[in-house]
Every structure is written in structure tokens, then in C-alpha cells.
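Report on the structure
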Amino acid sequence: MLQVLAYGLPRLGEKRQYKTLLERYWNGKISESELYTGMEALEKERLDTYKAYVDHYPCGELSLYDPMLDLAVAVGLIPRRFQPYRGLTTYFQMSRGAQALEMTKWFNTNYHYLVPEWEDQPLRSDPTFFQQALATAQKLGHPTALLSLIGPYTFLALSKKDGMPLEASSLETAAEALLPVYKGLLQALQQSGAKGFLLHEPAFVLEDPPVPLIGYLYHQLAEYPIYILTYYESVDFYPRFVELPVKGVGLDFVSSEGNKKAFFQYGFPEDKVLIAGIIDGRNIWCADLLQKAKEAETLAQRVGTLWLAPSAPLSLLPLTKAPETKMPRAVWERLSFAREKLEELRLLAGYLRGEEAAKAAAEASAALWLKGPLAIHPPTQARLQALREEDFQRPLPYAARAPLQQERLKLPLFPTTTIGSFPQTEDLRALRKAYREGKVSKEAYEAQIRAKIAEVIAYQEKLGLDVLVHGEFERSDMVEFFAEKLEGFAITEHGWVLSYGSRVYRTPIIYGDVWRPAPMTVAEITYAQSLTSKPVKGMLTGPVTLLNWSYAPPHKSREKVAYEIALAIQDEVRDLEAAGIRVIQIDEPAFREGAPLKRRDWPDYFRWAVRAFRLAARAQPTTQIHSHMCYSEFESILPYIWEMDFDVISIEASRSKGTLVQEFRRFPQWDRPIGLGVYDIHSPAIPSEESILKVIEAARAVLPDALIWVNPDCGLKTRRWEEVTSALTHMVSAAQKARASVTTPPNA
Ligand code: GLN
Ligand code: ZN
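These remarks concern the structure in this document. None of the values given here were measured: they were computed from a predicted structure.

The rules behind the values
Here the residue index of a chain counts from 1 through its sequence in written order. The naming scheme follows written order: chains are lettered A onward, ligands numbered 1 onward. The model is predicted, so local features are restricted to residues of pLDDT at least 70 and side-chain atom pairs to those at 80 or more, both for listing and for counting; the totals for chains, interfaces and linings are taken over all residues. Where side-chain values are given, they derive from all heavy atoms of the structure, hydrogens and water being excluded. Strands here are runs of E lasting at least two residues and helices are runs of H or I lasting at least four, both read from the DSSP assignment and numbered beginning at the N terminus. For this analysis, residues touch if any pair of their heavy atoms sits within 4.5 Å. Strands qualify as paired when DSSP identifies two bridges or more between them. Here the term donor refers to an N, O or S atom within 2.8 Å of the metal (or 3.2 Å for Na, K and Ca), and because water is left out of the atoms, sites may appear incomplete. All geometry calls rest on donor angles, where a four-donor set with angles between 85 and 135 degrees is tetrahedral, four- and six-donor sets with opposite donors more than 155 degrees apart and all others between 65 and 115 are square planar and octahedral, and all else is irregular. Proximity is defined per residue: if any heavy atom of the residue lies within 4 Å of a molecule or strand, that residue is considered near it. Polar contact criterion, stated in full: a pair of N or O atoms within 3.5 Å, where within protein one must be able to donate a hydrogen and the other to accept it, and residues adjacent in sequence count only if both atoms are side-chain atoms. All accessible-area figures derive from a Shrake-Rupley calculation using a 1.4 Å probe, and residue coverage is judged against the displayed protein chains alone. Pairing of aromatic rings covers Phe, Tyr and Trp, the last through its six-membered ring, and needs centres within 6.5 Å; plane angles under 30 degrees mean stacked, over 60 mean edge-to-face, and all others mean tilted. Any Lys or Arg side-chain nitrogen located within 4 Å of an Asp or Glu carboxyl oxygen qualifies as a salt bridge. In this scheme, a residue with accessible area under 20% of its type's maximum is buried, one over 50% is exposed, and one in between is partly exposed, where area comes from a 1.4 Å probe on protein chains only. By the criterion used throughout, a crossover qualifies as right-handed when its path from the first strand across the helix to the second strand runs clockwise, the strands pointing away from the viewer. Lines are fitted to the C-alpha atoms to define the axes, a helix being fitted only along its stretch in contact, and any angle between axes, read from their N-to-C directions, falls within 0 to 180 degrees.

What to know about the environment of leucine 299
Within the secondary structure layout, leucine 299 lies in helix α11 (residues 289-300). When the C-alpha positions of leucine 299 and serine 170 are compared, they lie 39 Å apart, and in sequence the two are 129 residues distant. Residue contacts for leucine 299: discarding those within four places in its chain leaves Phe253, Phe263, Leu274, Ala276 and Leu306.

Observations regarding the sheet that holds strand β7 (residues 164-165)
Overall, mixed pairing links the 3 strands, which are arranged β4-β6-β7 in an open sheet. The outermost strands of the open sheet, each flanked by one partner alone, are β4 (117-118) and β7. As defined by bridge partners, strand β6 (residues 160-161) adjoins β7 across 2 bridges and the pair is classed as antiparallel. Within β7, the position partnered with lysine 161 by the bridge is methionine 164.

Details of the coordination of the zinc ion (ligand 2)
Ligation of the zinc ion (ligand 2) by protein atoms is provided by His628 (NE2), Cys630 (SG) and Cys714 (SG), these donors lying 2.0 to 2.3 Å from the ion. Taken together, the 4 donor atoms surrounding the zinc ion (ligand 2) define angles of 93 to 124° at the centre, an arrangement classified as tetrahedral. Expressed as a motif, the donor residue spacing for the zinc ion (ligand 2) is H-x1-C-x83-C. Of this pair, histidine 628 sits in strand β19 (residues 624-629) while cysteine 714 sits in the loop between β22 (708-711) and α27 (721-743), placing them 86 residues apart in sequence.

Side note on the site of ligand 1
With respect to spatial proximity, 13 residues lie near ligand 1, and among them Ser421, Glu472, Asp587, His628 and Gly715 are the closest. A distance of 2.8 Å separates an oxygen atom of ligand 1 from a polar side-chain atom of serine 421. Within the side chain of glutamate 472, one N or O atom sits 2.8 Å away from a nitrogen atom of ligand 1. Compared with its free state, where it exposes 300 Å², ligand 1 has 94% of that area covered by protein.

Observations concerning the packing of aromatic side chains
In total, this model carries 36 aromatic pairs according to the counting rule given. Ring centres of tyrosine 605 and phenylalanine 606 lie 4.9 Å apart, and the angle between their planes is 70°; this geometry places the pair in the edge-to-face category. Between tryptophan 642 and phenylalanine 667 the ring centres are 5.8 Å apart and the planes differ by 70°, which places this aromatic pair in the edge-to-face class. With tryptophan 642 in helix α24 (residues 638-643) and phenylalanine 667 in the loop between α25 (657-666) and β21 (674-677), this residue pair connects regions lying 25 residues apart in the sequence.

Overview of the pattern of salt bridges
A pair can form between side chains of opposite charge whenever their charged atoms are brought close. Considering all chains together, one arrives at 50 salt bridges under this definition. Here glutamate 295 ties to lysine 260 by a salt bridge, and the two come within 3.7 Å at their closest N and O atoms. Of this pair, glutamate 295 sits in helix α11 while lysine 260 sits in helix α10 (residues 258-266); the two residues are 35 residues apart in sequence, bridging distant segments of the chain. The class of glutamate 295 is buried, set by a relative accessible area of 18%. One salt bridge in this structure joins glutamate 446 and lysine 442, with 3.2 Å as the shortest N-O distance. Of this pair, glutamate 446 and lysine 442 both sit in helix α18 (residues 442-463), 4 residues apart, roughly one helical turn. A residue is classified by how much of its surface remains accessible, and glutamate 446, at 30% relative accessible area, is partly exposed. Residues joined in a network through salt bridges with shared partners are Arg394, Arg401, Asp645, Asp647, Asp671 and Arg672.

Quick look at the pairing of strand β8 (residues 196-200)
In terms of burial, β8 is largely enclosed, as 5 of its 5 residues are buried. Along β8, one buried face is formed by Gly196, Leu198 and His200 and the opposite face, lined by Phe197 and Leu199, is buried too. When strand β5 (residues 146-150) meets β8, the two strands line up parallel, connected through 5 bridges. Residue leucine 146 lies in a different strand from β8, and its bridge partner there is glycine 196. Of the strand pairs in this sheet, β8 and strand β9 (residues 226-229) are connected by 4 bridges, and their pairing is parallel. By the bridge assignment, histidine 200 is partnered in β9 with leucine 229. As for the winding sense of the linkage, the β-α-β connection from β8 through helix α8 (residues 211-220) to β9 is right-handed.

Let's talk about the sheet that holds β9
The sheet built from 7 strands is open, its strands ordered β1-β12-β11-β10-β9-β8-β5 with parallel pairing. A strand with exactly one partner marks an edge of an open sheet, and here the two such strands are β1 (2-4) and β5. Within this sheet the neighbouring strands show an average axis-to-axis angle of 25°, counted without direction. Summarising the sheet, β9 and strand β10 (residues 248-252) pair through 3 bridges and their orientation is parallel. The residue of β10 that forms the bridge with isoleucine 228 is valine 249.

Some remarks on the environment of alanine 145
Looking at where alanine 145 falls in the secondary structure, it is placed in the loop between α5 (128-139) and β5. What makes alanine 145 buried here is its relative accessible area of 10%. Taking the C-alpha atoms as reference, alanine 145 lies 7.1 Å from proline 58; in sequence the two are 87 residues apart. Apart from the residues lying within four places of it in its own chain, the contact partners of alanine 145 are Leu134, Gly193, Ala194, Lys195 and Gly196.

Have a look at this one:
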């Protein structure tokens with residue numbers, strides 16, 4: 001039997017109603033019951049969409065903040081500081097209050113989930129949210145009866161206790177505590193009409209999962225009708241996975257070859273449903289449906305019941321390409337956002353059932369693929385071909401570059417700098433918007449940006465910072481800004497995706513060869529530099545981050561795309577150097593996040609990621625190249641970072657100072673200046689001079705003084721000017737004190 005299952009349809013809604021509803025509720029503009037009414041209308045839109053295309057789809061996906069939080073609440077994992085739990089008020093305190101749960105990245109995606117906290121609190125199941133979801137679905141005429149929930153293992157694997165992931169023994173204790181409550185939850189939901197449970201277990205694809213524990217969990221839940229979804233990678237314990245006592249298992253057949261190989265090697269149990277993740281749920285390109293049909297047929301021959309499905313939840317795709325009228329036609333026709341993925345699944349099933357219309361559509365999709373890559377740029381291809389090993393090397397080693405740079409820059413000990421952006425105030429956003437809409441002329445816009453630059457240069461000189469920045473006032477987003485200027489990139493108008501809560505972003509699309517038609521940053525930077533004798537940093541986004549925060553093109557390896565982008569950035573580096581810029585920062589905040597989920601795949605990723613950075617940063621020995629990283633766990637990647645061969649790096653450290661210092665102990669080769677963030681820019685709290693001195697002292701415990709810079713964790717664009725002024729004042733005075741403590745002999 002062949003059917004189609006879809007899940008993860010974006011909750012944002014066609015008109016971004018989700019965002020509007022939540023924000024209006026938070027701002028007191030609508031009541032709780034208006035929020036629910038609005039959400040019900042949104043759920044209707046979602047369920048109706050599903051129904052138009054596929055056979056099976058779940059309810060329970062319309063979380064009011066985050067599905068991990070929904071499960072935490074449903075099993076009563078409520079930290080003491082939020083007890084007693086009082087409905088929505090507490091729910092939003094847990095998600096966005098002053099003492100909210102920690103938020104972190106969901107696997108290797110750009111979505112952030114709330115981290116459940118184990119405090120050994122007594123658990124108690126509270127099925128309210130999911131019961132309401134079932135009731136709403138029934139009321140709306142969707143007796144779907146499949147309920148979407150985070151699976152027990154993934155929930156445990158992503159939880160923390162005392163700020164640390166649960167270790168083997170505490171994982172088992174927590175599992176014992178969770179099981180009866182999780183069971184109680186499923187039981188209550190079954191009584192409320194749930195006929196099946198779609199349990200998300202992406203943590204199954206991580207390396208070395210505790211298979212016996214997973215087996216134990218699912219044997220305990222064997223009496224319930226469960227379908228397990230895994231995605232983002234292959235499952236290393238395939239034979240034991242498919243034997244779990246459940247009704248169906250979902251495998252991702254797109255992200256890697258592992259599942260396919262295992263499927264053909266070990267076969268598939270006859271009595272189970274294979275949920276075949278065959279349509280790419282993570283990228284935005286349409287499928288070659290003829291090819292997919294062949295694949296599906298070979299699967300169908302070997303299983304009793306086959307459900308075609310997306311390879312991953314559709315939630316990280318924009319909803320539909322329909323309104324993207326400004327997209328180049330050739331790109332547009334190849335796009336497939338969430339709704340188009342549903343259509344592809346429907347067509348695929350139709351094709352396999354021999355429907356004529358589906359046949360024509362499948363052939364058309366295959367024809368698109370035959371056309372090959374879009375927007376080939378022969379000069380770029382020629383440059384790539386001509387690359388030789390020395391193109392990935394700076395002309396002199398660091399030890400020889402450093403004195404040349406110091407001679408040119410004459411920096412004091414513990415130099416102070418910032419990461420690039422300064423507060424982006426309402427008036428600035430209004431100005432950029434008016435300019436985009438053609439309401440402000442280019443000349444007027446540029447004049448206003450120049451005025452802002454002049455102000456921020458004077459401001460930094462007055463504060464006494466050593467290496468200045470131009471403030472990034474012309475940029476709304478560090479990726480979109482470059483994506484707009486580079487060939488080969490397209491920007492959607494409405495392609496919003498949830499990042500967390502109600503926060504949305506638009507991911508640029510790389511569709512062709514990437515190259516730089518004209519300088520992108522030189523005018524603003526050289527203007528800033530003309531106003532001061534202190535060095536102003538050229539400010540660029542690095543190739544790995546530009547790639548990782550965009551949709552990558554089909555037909556091409558990510559490595560190759562990274563090198564194309566790197567060459568474009570290298571062109572910009574050259575132009576900045578030629579214009580007299582002495583320091584250039586190439587930001588790579590997404591360097592770590594692009595790493596594959598399985599550690600064994602790391603060496604290959606970091607090999608090319610490091611090379612892409614080096615290609616972009618191949619500057620004159622006298623140019624000081626900085627890089628910046630944040631949002632990262634730097635643990636275990638220091639050796640890779642070191643290989644990037646920059647001259648200085650600044651990193652976020654406010655949350656991981658202790659461990660970072662340990663890392664340096666474990667990597668004694670480290671010889672580069674580093675600025676550990678001394679100001680947590682994610683928090684409105686202003687660091688005192690003392691707390692800054694503490695970070696400097698912590699760094700001095702493991703690194704020579706000459707290697708220590710002083711800077712905030714990240715850009716300041718989300719902070720207010722008053723906060724920034726106080727924080728930077730403390731930062732400069734702390735650096736001065738640190739200097740004095742070194743240069744003044746003890747008895748002077
Ligand atoms: N230069 C950027 C800024 O200051 C860096 C942002 C980031 O790392 N996320 O805003
Ligand atoms: Zn940053």
C-alpha cells in the first residue's frame with residue numbers, strides 16, 4: 001500500500017499571522033481568548049493545506065512557542081522558579097521571561113529550541129495542550145487523529161541538568177522518571193481520540209546513541225500506536241531501529257546514503273510502515289520526480305506499507321513560492337517551498353499510481369533538472385580551475401607577519417575594539433525602509449549613512465577605543481547585505497522562516513555561480529577611515545557563513561560554492577587593501593554550525609571550510625586579518641580555528657569562559673591574539689569594570705599578555721546607545737588598568 005505523510009508545515013502562516021498574533025498578545029493588544037481564536041484560524045489554514053495534498057498529517061504542531069517546551073509542560077518538567085504552573089502566563093515566562101529556559105540551536109539548523117531543565121522535580125502529565133489540539137482538529141473537520149510529539153529519547157538527549165547535558169547515569173534516572181508520565185500522556189491522549197503518535201526522534205541520528213536505553217524506552221511504550229520520525233541524517237543502528245516495537249519508522253533518504261545502504265542490506269520488517277523521507281525537506285529546490293519515482297518504486301517492492309514523506313519537517317522552509325513574483329523566472333520555476341513540497345509528494349504518489357496528470361508533471365520536473373546548473377559564469381569557473389595550493393596560504397607565516405602589522409598599527413597591550421555593528425535605532429530602520437521603497441533618493445540615503453558613520457567614529461575616538469569600526473548602519477543583516485550585492489544569490493520577498501518564538505528571518509538562495517560584480521563595502525569603510533588616524537576595520541562576512549546561512553544550489557558541492565564565495569570576498573579584501581585599509585575582519589559566526597551532525601564527518605567539512613576562509617583572507621602580510629565567531633561551542637574545534645591562519649580572532653565567551661580557558665590549556669600551540677568577549681550583548685546587563693577585568697585575568701592565566709584583546713561578545717546592533725556607552729566605557733578603563741598593572745613595576 002502506498003500513501004503520503006507530511007509533517008512540520010510551517011506554523012508562521014501565509015500572512016505571518018503566527019507572529020502577529022503572538023506579538024499582539026505579548027503587547028497586551030489581544031486577550032488570551034483572541035489569541036486562541038486566531039490560532040484556531042491558523043490551524044484551519046494549515047490542516048486544510050495538508051488535506052489538499054496528502055493522506056496523513058498530524059495535529060499538535062501549532063506550538064505557541066516551541067515543541068520542546070510543549071512536551072516539557074505536558075510531562076510537568078517545570079523548574080521550581082516557574083511553579084506553580086499557571087497556564088499561558090507561565091508558559092511565556094518559561095519561554096521569554098527574565099529567567100527563561102536556555103535557548104539553543106536545534107541540531108544543525110537555524111531554529112532554536114528551549115532546553116528542558118531537570119531539577120529532579122516530581123513529574124505529572126498535563127495533556128491539556130495536545131487535547132486541545134485534537135479537539136480543534138476534530139472541530140475543524142479534520143479527524144486526523146495523528147498527534148505530533150517530541151519523542152522521549154530526543155527530549156532526554158536535549159535536556160540539561162545544572163546547565164550540562166545529562167550524562168549516561170543521570171540519563172537513565174531521568175528516563176525512569178519520564179517513562180510513567182510519558183505513558184500517562186499517551187494514554188490520556190488516546191482516550192481523547194488520538195489514533196496514532198508521530199514521535200520526533202532526530203537524536204537517533206547522532207553518533208553513538210545509547211541503543212539499549214532507546215530499546216528499553218520503546219518497549220515500555222509498545223502498547224501505543226507509535227510512528228517514529230528520524231531526520232537530518234542516517235541512523236547508525238538501523239537493524240535495531242527498525243525492530244523497535246512500533247507501527248512505523250521514518251528514515252531520511254535524502255541527507256546521506258547511510259539509510260539507503262542499510263535498507264537494502266538488512267531489509268525491512270513486513271509488519272511495519274516505512275515512512276520514506278524522499279522529498280528533500282531542508283532545501284528549497286524542486287525534485288526530479290522521475291528519479292524520485294524510481295527510488296520510491298524500489299522501496300515499495302520491499303515493504304508492505306510505504307508512506308512517502310519529506311526527509312525532514314517542512315518547518316524550516318518558507319511556506320510557499322507563490323508570492324515571489326520578483327524572482328528571476330528560471331530560478332522561480334525550480335523553487336519548491338513547503339507547500340510545493342506537499343504538491344511534489346502528491347504528484348509522486350500520483351505518478352506511482354499511474355495518474356496521467358502526475359506523469360506530465362514528473363516529466364516536466366525531470367526536464368528542469370536536465371537543463372543543468374543556472375547562471376554559469378565562465379570567468380569564475382576559470383578562476384576556480386586555476387587555483388593552486390599557494391592560493392590558500394598567506395605569503396608569510398604568522399610569526400613573520402605579526403611584527404610587520406604591529407609596526408604599521410602601533411597598538412597598545414590589550415587593544416580594545418568592537419565587533420562591528422552599533423545600535424540600529426528605529427530612525428535608521430525607517431531610513432533603510434524608505435530607501436528600499438524608493439521614497440528616499442540614493443544620494444540622500446548615502447548622505448545620512450555617512451553622517452551616522454561620522455558620528456560613530458567620533459564616538460569611538462572619544463571613548464578611547466584602539467581599533468575602530470564604521471558601525472554597519474547600511475546593513476540590516478550580515479548575510480543579506482552581501483547576498484544582495486553578489487551575483488548568483490537571490491533574495492525572497494516573503495520567504496520568512498521561524499528562528500524561535502515569533503522571530504523570523506529570510507534565507508538567501510544561492511542559485512548560480514557566485515561572483516562579485518563591484519566593490520561592496522569600500523565606499524563606507526574608506527569614508528570612515530578618512531575621518532580618523534586610528535585603524536578602521538574593513539568588515540566582511542566570511543564565505544562559510546555566507547554559505548551556511550543560505551540555501552545552497554543543487555548540482556554543486558558545498559565545497560565548491562564556498563570557494564566561489566571566497567574568491568568574491570578575496571576581491572573585496574584586495575580592494576580594501578588598495579584603498580589603504582590596514583585591518584580587515586572576516587566574520588564567521590556560522591563556521592561551527594555548518595559542521596555535520598556526526599563527528600566522523602567533521603574532518604572533511606573543516607578541511608574545506610578552513611580552506612575557504614584562507615582563500616578569502618589571502619591578504620598582504622601587512623594587513624591584519626581578524627575573524628569573529630559566536631553562537632558556538634568552541635570546545636574541540638580550536639585546532640580547526642587555528643588552521644584558519646587569521647591574525648586575530650574575537651569570540652563570544654560570556655557563557656563559556658571557564659571551559660574555553662581549559663581548551664587553550666589543551667591546545668598549547670595556540671599563538672594568535674584572541675579577544676574573549678567581555679560584554680554579553682544578548683543581555684541588557686552592563687558589565688562592570690571589575691567583571692571585565694576578571695575575563696582579562698582569566699585569559700591571562702592561559703595566554704601571554706601579548707595575545708589578549710578586549711572586546712564585546714558580538715555586534716552591538718540590538719543594544720541601546722546608553723547601554724553601549726556605559727559598557728564600552730568600562731571596557732576601555734578595564735583595559736587601561738590591565739595595561740597599567742603590566743607596565744608599572746610593582747614598587748614604582
Ligand atoms: N560584524 C557583525 C556585527 O557586528 C557580526 C555579527 C555576528 O557575528 N553575528 O553585527
Ligand atoms: Zn557575533
